[in-house]
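The chain contents come next:
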Amino acid sequence: MNNSSELPAAIRALYPFAPHWLETPAGKLHYVDEGPRNADTAVICVHGNPTWSFMYREVVKNLSNKFRVIAPDHLGCGLSDKPQKFSYQLADHVENLAKLVATLPQSKLHFIVHDWGGAIGTAVAERFADRVGKLVVMNTAAFSGPCPMRIRLCRAPVLGPLLVRGLNGFAGPAACMAVAKPLPSDVRSGFLWPYRSWHDRIAVLRFVQDIPLEQAHPSAEVLQSITADLVKLRDKPMLLAWGMRDFCFTPHYLAEWRRRFPSAQVHEFPDAGHYLLEDAGPELVQEIGKFIG
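Small disclaimer: the values here were computed from a predicted structure and weren't measured. (Residues numbered from 1 in each chain as written. Predicted model: local features only at pLDDT ≥ 70, side-chain atom pairs only at ≥ 80, totals over all residues. Heavy atoms only, no water.)

Asks: Looking at this model, I keep getting lost on the overall build of the chain. Mind explaining?
Replies: For the chain, the count of helices and strands is 13 helices and 8 strands. Radius of gyration (C-alpha) of the chain: 17 Å, near the 19 Å computed for a compact globule of 293 residues. For the chain, the spread of C-alpha atoms along the principal axes amounts to about 45 × 40 × 40 Å. Buried residues in the chain amount to 60% of all 293 residues. Within the chain, counting contacts between residues at least 6 apart in sequence, those at least 24 apart form 77% of the total. Carbon and sulfur atoms provide 54% of the accessible area of the chain, an area that totals close to 11700 Å². Charge-centre separation for the chain: the mean point of 31 positive side chains lies 1 Å from the mean point of 28 negative side chains. (Helix = DSSP H or I, 4+ residues; strand = E, 2+ residues; numbered from the N terminus. Rg over C-alpha atoms; globule rule 2.2 N^0.38 Å. Buried < 20%, exposed > 50% of the residue type's maximum accessible area, 1.4 Å probe, protein only. Contact = heavy atoms within 4.5 Å. Areas by Shrake-Rupley, 256 points an atom, 1.4 Å probe, with all protein chains shown as cover. Lys, Arg positive; Asp, Glu negative; His and termini not counted. Charge placed at Lys NZ, Arg CZ, Asp CG, Glu CD.)

Written as structure tokens, this is what we have:
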């Protein structure tokens, strides 16, 4: 298990949050839990691959003066345990997040989702639809779509594990390719710190392998169910914040969200990539605060 006390001082300065843990059958899931416990609203920040709750550090700082803010690390990610025999499929991550959300007494829940957090977070929001207030959707999908060749390459038998786990050929390049502006060295180190070895990169690979590109894939039916149940959220206020220079979740995906949620507010960031919370920085954090608050 990773312990937040082991974080290098430079990373801890950016991410100064006390650790919290949820017990799951496969291991301990780490999460950030900041803000007043007696608040009537909780904000759930759901990350994707190959990031972790570190990505939401400025959102947590900005919103926790008013809301209880929860930012989990999916099992295998961030400071969570990294079991080597866990299946790491979409349904597993949904169940873990749902278990965490079920512990929250807050009457209202807002969701902020990114990358794989789109499918995972919206699936849980659908389960708790009667408690959902608002949703912030950033460069993600809760439906099928095109997959870039560079990501397909990381799914290849033999070559995929060698690239992703052996050579850090997914999380490492993402720290450059997922942004339009170079990350400061301490921020780059923060993104990569949990994924320093073959052992630590198990979930990074499994997330890539879990993309359901064919109907026979074990997660295809789960994703289709999540897509079908998006209607449960159609009347919820939604902010679509989009980095328009994302090579993976291109404007094609934004158009599909707009088609499904025509009343959503849309904020396009023309000079931001996939990690738009880094590229768009304070402007996006302020926009999220304004929308949520």
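What follows picks up the thread again.
Asks: Just checking my understanding: could you explain the packing of helix α6 (residues 159-166) against helix α9 (residues 202-209) for this structure?
Replies: Each packed pair of helices is defined by two parameters, the angle between the axes and the distance between the axes. Axis separation between α6 and α9 bottoms out at 9 Å; the angle between their running directions is 140°. In terms of orientation, α6 lies oblique with respect to α9. Crossing hand, α6 versus α9: right-handed. Contact with α6, carried on its side by G160, P161, V164 and R165, involves I202, V204 and L205 of α9 and no other residues of that element. (Axes fitted to C-alpha atoms, helices over the stretch in contact; angles between N-to-C directions. Parallel < 35°, antiparallel > 145°, perpendicular 65-115°, else oblique. Left-handed = near helix turned anticlockwise from the far one by under 90°.)

Asks: Where do I start with the packing of aromatic side chains in this structure?
Replies: Ring pairs (aromatic) are described by centroid distance and by the angle formed between their planes. Following the criterion strictly, the structure yields 12 aromatic pairs and no others. Residues Y15 and F54 carry aromatic rings whose centres are separated by 6.2 Å and whose planes lie at 45° to one another, so their mutual orientation is tilted. Placement of Y15 in the loop between α1 (9-14) and β1 (20-24) and of F54 in the loop between β3 (41-46) and α2 (57-63) is noted, with a sequence separation of 39 residues between them. You'll find Y15 and F54 in the same group, each marked buried. Plain terms: the ring middles of F54 and F191 are 5.3 Å apart, the flat faces sit at 85° to each other, and that makes the pair edge-to-face. With F54 in the loop between β3 and α2 and F191 in helix α8 (residues 185-192), this residue pair connects regions lying 137 residues apart in the sequence. (Phe/Tyr/Trp six-rings, centres within 6.5 Å; stacked < 30°, edge-to-face > 60°.)

Asks: Even after reading the chapter, I still don't get the nonpolar core, so can you show me in this structure?
Replies: Across soluble globular proteins, nonpolar side chains have a tendency to be buried as a group. Counting 107 residues, the largest nonpolar core has F111, I112, M138, W257 and I288 as its most contacted members. Beyond its immediate stretch of four places on either side in the chain, I112 contacts V43, I44, C45, V46, Y56, V59, L63, V136, M138 and I288. (Core = buried A, V, L, I, M, F, W, Y, C linked by side-chain atoms within 4.5 Å.)

Asks: Please explain the environment of L239 as it appears in this structure.
Replies: Mapped onto the elements of the fold, L239 is located in strand β7 (residues 238-243). L239 sits in the buried class, given a relative accessible area of 1%. Here the alpha-carbon distance between L239 and F191, two residues 48 residues apart in the chain, equals 25 Å.

Asks: In this structure, what is going on with the side chain of R155? I would like to understand it.
Replies: Along the polypeptide, R155 turns up in the loop between α5 (149-153) and α6. There is no salt bridge for the buried R155, and the closest opposite charge comes from E214, which lies 4.0 Å off by N-O distance. A polar side-chain atom of R155 sits 2.9 Å from the main-chain carbonyl oxygen of V208. Only 2.8 Å separates the side chain of R155 from the backbone oxygen of I211, close enough to count as a polar contact. Contacts of R155, omitting those with residues within four sequence positions, involve V208, Q209, D210, I211, L213 and E214. (Salt bridge = Lys/Arg side-chain N within 4 Å of Asp/Glu carboxyl O. Polar contact = N/O pair within 3.5 Å; in protein donor to acceptor, adjacent residues only side chain to side chain.)

Asks: What exactly am I supposed to notice about the side chain of T140 here?
Replies: Assignment of secondary structure puts T140 in strand β6 (residues 132-140). From its side chain, T140 meets the backbone nitrogen of G118 in a polar contact 3.2 Å long. With sequence-adjacent residues up to four places away left out, T140 is seen in contact with V113, H114, D115, W116, G117, G118, A119, W242, F249, Y253 and W257.

Without other data, these values stay purely geometric and don't point to any function.
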